[in-house]
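What follows is the residue order along each chain.
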Amino acid sequence: MTPPQTPEPRLALDPERTALVLVDLMDRIVALPLEPYKGTEVLAVAGELASVFRSAGALVVLIRVERPNIAEQPAGSGLADGLFREGDLEIVKRTIGGFQGTGLEERLRERGVDTLVFGGIATNLGVESTARAAGDLGHELVFVEDAMSALTAAEHQASVKLDFPRLGSVVTAAEVRFGVGDRDAPPAGRP
């Protein structure tokens with residue numbers, strides 16, 4: 001009997017044309033009661049993915065929301081501590097999705113990015129809304145299932161099982177790898 005083999009990564013991403021897009025990884029959102037993954041678990045996987053992307057020379061986009069028309073944002077409205085690194089792109093949105101009125105599309109196109117790899121909170125809200133707009137703009141989409149979570153497991157699963165496969169590829173963090181020149185790099189995500 002042949003021993004089971006580790007699955008091969010399903011992706012071979014080009015770091016020059018790919019960006020990691022992490023949505024709403026802010027302390028006040030990470031602290032919410034989330035399912036199927038805790039916010040701290042999502043943040044850990046997203047942080048590992050961001051390190052892999054940075055090491056490969058790929059862009060990391062960090063999107064956070066600000067409430068419109070208020071004088072002061074609620075506590076915990078900045079990006080989670082330690083997430084942002086020099087060279088990352090921080091986008092502030094005022095809607096559910098990350099493209100409306102933010103200049104994100106222009107900044108991606110300037111860099112030649114046409115493939116977006118998604119993670120964040122909440123799967124069915126900020127992540128899905130941003131991804132749908134990206135798909136409408138012609139981007140290739142990849143969804144990292146274990147780098148996102150929602151308010152309920154059912155909401156997360158509806159996006160991951162029903163919607164995302166129609167929009168792009170659904171993978172785990174362990175399946176995210178870059179093409180030539182990065183084949184030996186360790187995958188991101190849970191061991």
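Above this note sits the structure.
Position numbers for residues start from 1 in each chain and track the written sequence from start to end. Side-chain atom pairs in this predicted model are given and counted only at pLDDT of 80 or more, local residue features only at pLDDT of at least 70, and totals for whole chains, interfaces and linings cover all residues. The side-chain figures draw on all heavy atoms in the structure; neither hydrogens nor water molecules are used.

> What am I meant to see in the pairing of strand S4 (residues 115-121) here?
Look at any regular strand and the pattern is simple: side chains alternate between the two faces of the sheet. Relative accessibility thresholds used throughout: buried, under 20% of the residue-type maximum; exposed, over 50%; partly exposed, between the two (1.4 Å probe, protein chains only). Here a strand is any run of E in DSSP of at least two residues, a helix any run of H or I of at least four, and the numbering for each starts at the N terminus. Here S4 lies mainly inside the structure; 7 of its 7 residues are buried. By definition, two strands form a pair when at least two bridges between them are found by DSSP. Note that strand S1 (residues 18-23) and S4 share 6 bridges and pair parallel. Looking at S4, one finds that Ala-19 is bridged to Leu-116. When S4 meets strand S5 (residues 140-149), the two strands line up parallel, connected through 6 bridges. Pairing of Thr-115 across the sheet is with Glu-140, part of S5. Once the chain exits S4 it traverses helix H4 (residues 123-136) before rejoining the sheet at S5, and the crossover so formed is right-handed. Orient the strands so they point away from the viewer; a crossover is then right-handed if the path from the first strand over the helix to the second runs clockwise.

> I tried to follow the environment of Ile-29 on my own but got confused; where do I start?
Mapped onto the fold, Ile-29 is located in helix H1 (residues 27-30). On the basis of relative accessible area, Ile-29 is assigned to the buried category, the value being 10%. Considered as a pair, Ile-29 and Arg-64 are 35 residues apart in the sequence and their alpha carbons are 9.9 Å apart. In this description, contact between two residues means that some pair of their heavy atoms is separated by no more than 4.5 Å. Beyond its immediate chain neighbours, meaning those up to four positions away, Ile-29 contacts Asp-24, Leu-34, Val-65 and Ile-121.

> So what exactly am I meant to see when it comes to the sheet that holds S4 here?
Backbone-to-backbone hydrogen bonds join strands into a sheet, with any given pair of strands oriented parallel or antiparallel. As summarised here, the arrangement of the 6 strands in space is S3-S2-S1-S4-S5-S6, forming an open sheet in which the pairing is parallel. Two strands close off the open sheet at either side, each with one partner strand: strand S3 (89-93) and strand S6 (169-171). This sheet shows a mean twist of 25° between the axes of neighbouring strands, independent of strand direction. Bridge count between strand S2 (residues 59-65) and S3: 5 bridges; the pairing is parallel. Note that in S3 the partner of Val-65 across the bridge is Lys-93. Lines are fitted to the C-alpha atoms to define the axes, a helix being fitted only along its stretch in contact, and any angle between axes, read from their N-to-C directions, falls within 0 to 180 degrees. Running at roughly 170° to S5, helix H5 (residues 153-167) makes contact with S5 and S6 of the sheet.

> When you look at unusual backbone geometry in this model, what are you seeing that I'm missing?
For residues that are not glycine, phi is negative in most cases, and the peptide bond is trans in most cases. Note the cis peptide between Glu-35 and Pro-36, where omega equals 0°. A positive phi angle, close to 60°, is found at Asp-24, a residue other than glycine. By the element assignment, Asp-24 lies in the loop between S1 and H1. Notably, Asn-69 is not glycine yet its phi reads approximately 60°, a positive angle. Structurally, the position occupied by Asn-69 is in the loop between S2 and S3. Residue class for Asn-69 comes out exposed when judged on its relative accessible area of 82%.

> Explain the layout of surface pockets to me, please; I cannot follow it from the model alone.
Empty space among the atoms becomes visible once a probe the size of a water molecule is rolled across them. Each pocket or cavity is described by its volume, and for the second largest pocket that value is around 180 Å³. Every residue lining the second largest pocket is counted, 13 residues in all, and those nearest its centre are Asp-24, Ile-29, Ile-121, Ala-122 and Leu-125. Here the residues of the lining of the second largest pocket sort into 9 nonpolar, 2 polar and 2 charged. Cavities and pockets are defined on a 1 Å grid built over the protein atoms alone: a cavity is a set of grid points where a 1.4 Å probe fits but cannot escape, while a pocket is an open set with protein on both sides within 12 Å along at least five of seven lines, and lining residues are those with an atom within 4 Å of any such point. Grid points are joined across faces, edges and corners, and a volume is the space filled by probe spheres set on the points. When residues are sorted by character, Ala, Val, Leu, Ile, Met, Phe, Trp, Tyr, Cys and Pro go into the nonpolar class, Asp, Glu, Lys and Arg into the charged class, and all the rest, Gly among them, into the polar class.

> I'm lost on the packing of H4 against H5 in this one. Help?
Two packed helices can be described by the angle between their axes and the distance between those axes. One way to put it is that H4 packs onto H5 with a least axis distance of 10 Å and a crossing angle of 10°. In terms of orientation, H4 and H5 fall into the roughly parallel class. Remark: the crossing between H4 and H5 carries left-handed chirality. Contact residues: Thr-123, Asn-124, Val-127, Glu-128 and Arg-132 in H4; Glu-155, His-156, Ser-159, Val-160, Asp-163, Phe-164 and Leu-167 in H5. For the contact of H4 with H5, the per-class residue count stands at 4 nonpolar, 4 polar and 4 charged. Oblique is the label for every angle not falling under 35 degrees (roughly parallel), over 145 degrees (roughly antiparallel), or within 65 to 115 degrees (roughly perpendicular). When the near helix sits turned anticlockwise from the far one by under a right angle, the crossing is termed left-handed; a clockwise turn instead gives a right-handed crossing.

Honestly, that's just the spatial picture; any functional story needs more than this.
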